[in-house]
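Here are the chains, one letter per residue:
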Amino acid sequence: MKKTAFEVSPNGEDPIAIGLRILDIGTGIGCIAISLKNEWKNVNVTALDLSDKALLVAKKNADNLDAKIEFEKNNFLDESTWHRHGEYDVIVSNHHDVP
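Quick summary incoming for the structure in this document. Just so you know, these numbers come straight off a predicted model, no measurement behind them.

Conventions we followed
Residues numbered from 1 in each chain as written. Predicted model: local features only at pLDDT ≥ 70, side-chain atom pairs only at ≥ 80, totals over all residues. Heavy atoms only, no water. Helix = DSSP H or I, 4+ residues; strand = E, 2+ residues; numbered from the N terminus. Buried < 20%, exposed > 50% of the residue type's maximum accessible area, 1.4 Å probe, protein only. Contact = heavy atoms within 4.5 Å. Areas by Shrake-Rupley, 256 points an atom, 1.4 Å probe, with all protein chains shown as cover. Pairing = 2+ DSSP bridges. Axes fitted to C-alpha atoms, helices over the stretch in contact; angles between N-to-C directions.

**Looking at the overall build of the chain**
So, point 1. If you tally the helices and strands in the chain, you get 2 helices and 4 strands.
So, point 2. Ordering the α and β elements of the chain from the N terminus gives β-α-β-α-β-β.
So, point 3. Considering the chain as a whole, with its 99 residues, one finds that 38% of them fall into the buried category.
So, point 4. For the chain, contacts bridging at least 24 residues in sequence account for 60% of all contacts bridging at least 6.
So, point 5. Put simply, the chain shows about 6500 Å² of open surface, and 55% of that area lies on carbon and sulfur atoms.

The following block contains the structure:
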């Protein structure tokens, strides 16, 4: 049985957390992506945003906090881009301006 993200131990050593793929849509300055990566060291986090400026700040924040995250410029509302990402175990977003 697969566990939910809420059942994963936050020590980064729980076997279910190893290789867990997390996608942060509309990452902005990266708060959620960075927090998840720093909480669970062995997860793979991909963070998407449409704004070059936001991604630049998010990358700097991640570097300052030693969070290894894959950042990508992407308009996730464009379904033609979805095939690039494959499957994720957890998808998060704190998006305040979705039309």
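**Brief notes about the sheet that holds strand S4 (residues 90–92)**
So, point 1. Taken together, the 4 strands give an open sheet; going across it, the order is S3-S2-S1-S4, and neighbouring strands pair in parallel fashion. Each of the sheet's edge strands pairs with one partner strand only, and the pair in question is strand S3 (70–73) and S4. Between one strand axis and the next, the sheet turns by 20° as a mean value, whatever way the strands run.
So, point 2. Taken together, the 5 bridges between strand S1 (residues 21–25) and strand S2 (residues 44–49) define a ladder with parallel strand orientation. Among the inter-strand pairings, Asp-24 is bridged to a residue of S2, identified as Ala-47.

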